[in-house]
Amino acid sequence: MGKNTRTILICSGKGGVGKTTLTANLGIALANSGATTAVLDADFGLRNLDLLLGLENRIIYTAQDVLDKNCRLDQALVRHKKEPNLALLPAGDPRMLDWMKPEDMKKISELLSEKFDFVLVDCPAGVEDGFKNALAACKEAIVVTNPELSAVRDADRVIGILNTSDIKPIQLVINRVRPNMMASQEMLSIDDVQGILSLPLLGIVLEDEQVIISTNRGEPLTLTDGRSPAKKCYLNVSQRLTGKDVPIIDPKNEGKSLKDKFMRLMQTKVF
């Protein structure tokens, strides 16, 4: 692999926790910071990364064509028009699942590592062959979970497998955080999730309807000009990943309404 390239597995265990959305937004954010970044869709069964990046209509070749030597890597990479530092290597045909081996994914990762600073591998859900193949391609991992018991349990199983590998560091992103539900104890708290999973917290991502809107538009939030809670969180995660000391948002503060903040201000004001 490239000497200084960071190849990062983005995994979850449970499907639907926002892993692919994190991959797309983190990829854009890293590229925008000046780091050459490749995102590799390793979910050959249910590929969606191209849709989230708005690149589905520009795919000609895939990772399968690269492995079969039907094309060069440069021909398969889809460069993002709005963020030239980002490139997507699309997943191949679902039939690849029948013959793909960890060595194949490792080969793809080695090719990407010769050209990019970061390689983000969007891992399929579960712990079957697709996960094992993606794991072989990476040096470190980000585990994504929601603050829900089923998602945390599945993440814990994935962490158990990661801990038996050479992957490190393994860091945690808690996605779809709803501060009000945490405050009313209707959702696991950040401390609860960390206590169960025992991983260093790379960041949290607040629940935000703008994520759905941007996903449907094929335009990651980190590529838009507008402000949103989730966009700020994605940017914070990317900065922490590159070693910057950025405080993690406290859901307790985010959960307070404007009225709560105003009342607190009035109570402390001296007349």
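Every value quoted in this text rests on a predicted model; they were computed, and no experiment measured them. (Residues numbered from 1 in each chain as written. Predicted model: local features only at pLDDT ≥ 70, side-chain atom pairs only at ≥ 80, totals over all residues. Heavy atoms only, no water.)

J.: Give me the environment of Val66: which residues, what numbers.
T.: Along the chain, Val66 falls in helix H3 (residues 63-67). Looking at Val66, the relative accessible area reads 10%, which means it is buried. Distance in space between the C-alpha atoms of Val66 and Ala76 is 7.1 Å, their sequence separation being 10 residues. Beyond its immediate stretch of four places on either side in the chain, Val66 contacts Cys71, Arg72, Leu73, Ala76, Leu89 and Leu111. (Helix = DSSP H or I, 4+ residues; strand = E, 2+ residues; numbered from the N terminus. Buried < 20%, exposed > 50% of the residue type's maximum accessible area, 1.4 Å probe, protein only. Contact = heavy atoms within 4.5 Å.)

J.: Give a detailed account of the pattern of salt bridges, specifying residues and quantitative values.
T.: Overall, the coordinates contain six salt bridges when judged by the stated rule. As a salt-bridge pair, Lys115 and Asp74 come within 3.5 Å of each other at their nearest N and O atoms. Of this pair, Lys115 sits in the loop between helix H5 (102-113) and strand S5 (118-122) while Asp74 is found in helix H4 (residues 73-76), placing the two residues 41 residues apart along the sequence. Under the relative-accessibility criterion, Lys115 is labelled partly exposed at 40%. The closest approach of N and O atoms between Lys82 and Glu219, which form a salt bridge, is 3.2 Å. Of this pair, Lys82 sits in the loop between strand S3 (78-79) and strand S4 (86-89) while Glu219 sits in the loop between helix H10 (209-217) and helix H11 (229-241); the two residues are 137 residues apart in sequence, bridging distant segments of the chain. Through salt bridges with shared partners, one network takes in Arg176, Arg178 and Glu207. (Salt bridge = Lys/Arg side-chain N within 4 Å of Asp/Glu carboxyl O.)

J.: Go over the UniProt feature "binding site: ATP" (unreviewed entry) in the protein, please, and point to the residues and values.
T.: Feature annotation in UniProt assigns "binding site: ATP" (unreviewed entry) to the following positions: Lys14, Gly15, Gly16, Val17, Gly18, Lys19, Thr20 and Thr21. Of note, Gly18 is situated in the loop between strand S1 (6-11) and helix H1 (19-32). Along the polypeptide, Lys19 turns up in helix H1. Every residue in contact with Lys19, bar those within four places of it in the chain, is listed here: Ile10, Cys11, Ser12, Asp122, Cys123, Ala125 and Val144. (UniProt positions renumbered as here; feature names shortened; annotations may be inferred.)

J.: Got a sec to walk through the nonpolar core? Specific residues and values, please.
T.: In this structure, Leu9, Leu89, Leu112, Ile142 and Leu162 are the most contacted members of the largest nonpolar core, which totals 87 residues. With sequence-adjacent residues up to four places away left out, Leu162 is seen in contact with Leu9, Cys11, Phe131, Leu135, Ala141, Val143, Ile167 and Ile170. (Core = buried A, V, L, I, M, F, W, Y, C linked by side-chain atoms within 4.5 Å.)

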